[in-house]
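Summary of structural features
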Amino acid sequence: MNAKYGATIVNETPANVEKLICNDNEIEISIPFKRRRWWKISQKFIYGLGHVYNDLCAAMWFSYMMLYFQAVLQMRAAVAGAMLLLGQVVDALATPIVGILADKYSTKKIWHLVGCILVTGTFPLLFVRCWGCYPNENFDYLSWWMPLYYAFLIVVFQIGWATVQISHLAIIPSISDSPQVRSELTSIRYMASVLSSLTVYLITWIVLKASNYSNFIGPTDDYKFRDVSLIITGIGITTFTIFHISFTNRLARIQTSSNEIFSNGKQQNFEEEDEAAASKILHFLQMPLLYQTSLLYVFSRLYWALSLVYVPLFLEERLSVNQNEGSEMVASVPLVVYISSLFFSFLLKSKIQSCGNKVAYFVGSLLSLISCLWIALAIHPQASVVQIYLVATLIGAGSSITLVSSLCVTADLIGPHSHQGASVYSIVTFADKLVTGIAVVAIENYKCDDVLACPQYYRGVLTYACGGSAVLGILSLSVTIFTSKNKPRT
């Protein structure tokens, strides 16, 4: 059985020999059994390290950026929401551009490295008080200087983040044509994401507990966020350095060798390959399944992002009623969310092939919806902390299952066309950036200026906004299943 990778065909051969057929020429490349076995174990783990820095930043960005801007820098809720929208818009616009350029120029690892450099130069500064932005001082220039300063950092940071995300995702289809291997790599990637987020919340919890204790987050807590951002930046730099030193795309190396051997005119005409690539992109754009898959991913990401953003703000809201709970809950509850995510991602890694990606997505959406109903019906201001941790467990389970299964559906859509992987992933992930940003701005604009007028506002957000995301995900899945069953056979 032949598996196609662009213009190259890889035949199934014994464990120690791999054959490459290129323009009626056959090459036998001996690969020792132990070497291949080593690649299967170690390279998958190293691949997972490639997105750790992005995941660390994402956890800090979604969970604490709004809290930091509003409680520490004392920005108005609408301005803080606009900052998040700006980041999501830039991310969304950068995503397709990076996807097209990454498929056409240079290698995915080079693009990945460029993105990591941009993230390193800007992310730590997002959680450091800007120059001249003194606490409890109402200078007129802060009304324009503070938003302008952080807007510039956000623009550069999001360009770098999008570059890392798309280049890292696009490596998956180029590693293997096997759906099982792709699902495993996607699960490993998500488990690395969960561990990264756990690290952020654990570090935040330690910093909040070790520093001066307070019931509320305020302007004097700026150094706590600074310390957390510097620590995770150090971890992120270490992981992406290991990735770039140790990770080698074995398939890409073999394809490069074949091109060198046939450089005397027997290799494919690159102009024809470019035309074929453009036609493949048009082919994907004409597929309804692409947009249905995008909706599955959008609603799974929207639920995940809104949960990350508003769980800490909901907990801060509860402190006005239960002041004895302490501010460290803004770290401990998200920590439980990601412990649950880690457990279910491990479980999904071995079970997703047996139950199917679409069934897994439905189960994840159902768990997400149950968590929202629980918040609406039982998590009142005097509700026990135990209930909050149980709901956090459901949130983690639902988000992990829907995210992993939606990415697996995307990998199945790409199929053997790994050379178009970055473009397809950029199309699928484009909408979620815009939708998330618009949702946050709308939520913040409807927030009451007087806290007493809507004391449980963020509880309502977790109920209706997150619950709505889960419902829309189920509806999108139903449409996808219905259309696929009624698609005429060719």
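Residues numbered from 1 in each chain as written. Predicted model: local features only at pLDDT ≥ 70, side-chain atom pairs only at ≥ 80, totals over all residues. Heavy atoms only, no water.

Here the focus is the overall build of the protein. A count of helices and strands for the protein gives 15 helices and four strands. Sorting the 490 residues of the protein into buried and exposed places 55% on the buried side. For the protein, long-range pairs separated by at least 24 residues make up 82% of all intrachain contacts whose partners lie at least 6 apart in sequence. Counting every atom, the protein has about 21300 Å² of accessible surface; 65% of that belongs to carbon and sulfur. (Helix = DSSP H or I, 4+ residues; strand = E, 2+ residues; numbered from the N terminus. Buried < 20%, exposed > 50% of the residue type's maximum accessible area, 1.4 Å probe, protein only. Contact = heavy atoms within 4.5 Å. Areas by Shrake-Rupley, 256 points an atom, 1.4 Å probe, with all protein chains shown as cover.)

With that out of the way, let us pick up the pattern of salt bridges. One side chain can pair with another of opposite charge once the charged atoms of both are near each other. With the rule as written, the count across this model stands at three salt bridges. The salt bridge involving Arg129 is made with Asp222; its shortest N-O contact spans 3.1 Å. Of this pair, Arg129 sits in the loop between helix H4 (108-126) and helix H5 (142-175) while Asp222 sits in helix H7 (residues 222-246); the two residues are 93 residues apart in sequence, bridging distant segments of the chain. Asp227 is the partner of Arg226 in a salt bridge, and the nearest nitrogen-oxygen pair spans 3.0 Å. (Salt bridge = Lys/Arg side-chain N within 4 Å of Asp/Glu carboxyl O.)

With the rule as written, the count across this model stands at 18 aromatic pairs. With a centroid separation of 5.9 Å and an interplanar angle of 70 degrees, the aromatic rings of Tyr64 and Tyr201 are classed as edge-to-face. Taken together, the residues Tyr64 in helix H2 (residues 52-72) and Tyr201 in helix H6 (residues 179-210) connect sequence positions 137 residues apart. Judged by relative accessible area, which is 0%, Tyr201 ranks as buried. Aromatic pair Trp144 and Trp145: ring centres 6.3 Å apart, planes at 75 degrees, arrangement edge-to-face. Taking relative accessible area as the criterion, Trp144 reaches 52% and is therefore assigned exposed. (Phe/Tyr/Trp six-rings, centres within 6.5 Å; stacked < 30°, edge-to-face > 60°.)

All right, on to the environment of Ser340 then. With respect to the element layout, Ser340 can be found in helix H11 (residues 329-355). By relative accessible area, which is 6% here, Ser340 ends up buried. Between the C-alpha atom of Ser340 and that of Ser399, which follows or precedes it by 59 residues, the distance is 9.7 Å. Not counting chain neighbours up to four residues away, the residues in contact with Ser340 comprise Thr393, Gly396 and Ala397. Side-chain polar atoms of Ser340 contact the backbone nitrogen of Ala397, separated by 3.3 Å. (Polar contact = N/O pair within 3.5 Å; in protein donor to acceptor, adjacent residues only side chain to side chain.)

Compared with the 36 Å implied by 1.5 Å per residue over 25 residues, the 37 Å span of H7 between its first and last C-alpha is a close match. Among all positions in H7, only Lys224, Phe225, Val228, Ser229, Ile232, Thr233, Gly236, Thr239, Phe240, Phe243 and His244 are buried. (Expected span 1.5 Å × (residues − 1).)

Within the fold, Ser371 resides in helix H12 (residues 357-378). Of note is the side chain of Ser371, whose polar atom sits 2.5 Å from the backbone oxygen of Ser368. Every residue in contact with Ser371, bar those within four places of it in the chain, is listed here: Tyr303, Val391, Leu394 and Ile395.

Further remarks concern a nonpolar patch on the surface. A cluster of nonpolar residues, Val359, Phe362, Val363, Leu366 and Ile370, forms a patch on the protein surface that exposes about 390 Å² of accessible area. When you line up the elements, Phe362 lands in helix H12. (Patch = residues over 30% accessible without salt bridge, like charges linked within 9 Å, V, L, I, M, F, W, Y side chains within 5 Å.)

What follows covers the side chain of Ser469. Position of Ser469 among the secondary structure elements: in helix H15 (residues 457-485). One polar contact links the side chain of Ser469 to the main-chain carbonyl oxygen of Ala465, over a distance of 2.9 Å. If sequence neighbours within four positions are ignored, Ser469 has contacts with Phe299, Leu302, Tyr303 and Leu306.

A few words now on H4. Taking 1.5 Å of rise per residue, the 19 residues of H4 would be expected to cover 27 Å, and the 27 Å separating its terminal C-alpha atoms lies within 8% of that figure. Residues of H4 that are buried include every one of Lys108, Trp111, His112, Gly115, Cys116, Val119, Thr122, Phe123, Pro124 and Leu126, and no others.

For the rest of this paragraph, the subject is the environment of Tyr389. Structurally, Tyr389 is set in helix H13 (residues 385-414). Classification of Tyr389 as partly exposed rests on a relative accessible area of 26%. The sequence separation of Tyr389 and Val333 amounts to 56 residues, and the corresponding C-alpha distance is 6.3 Å. A polar contact of 3.0 Å, which involves the side chain of Tyr389, links it to the side chain of Ser332.

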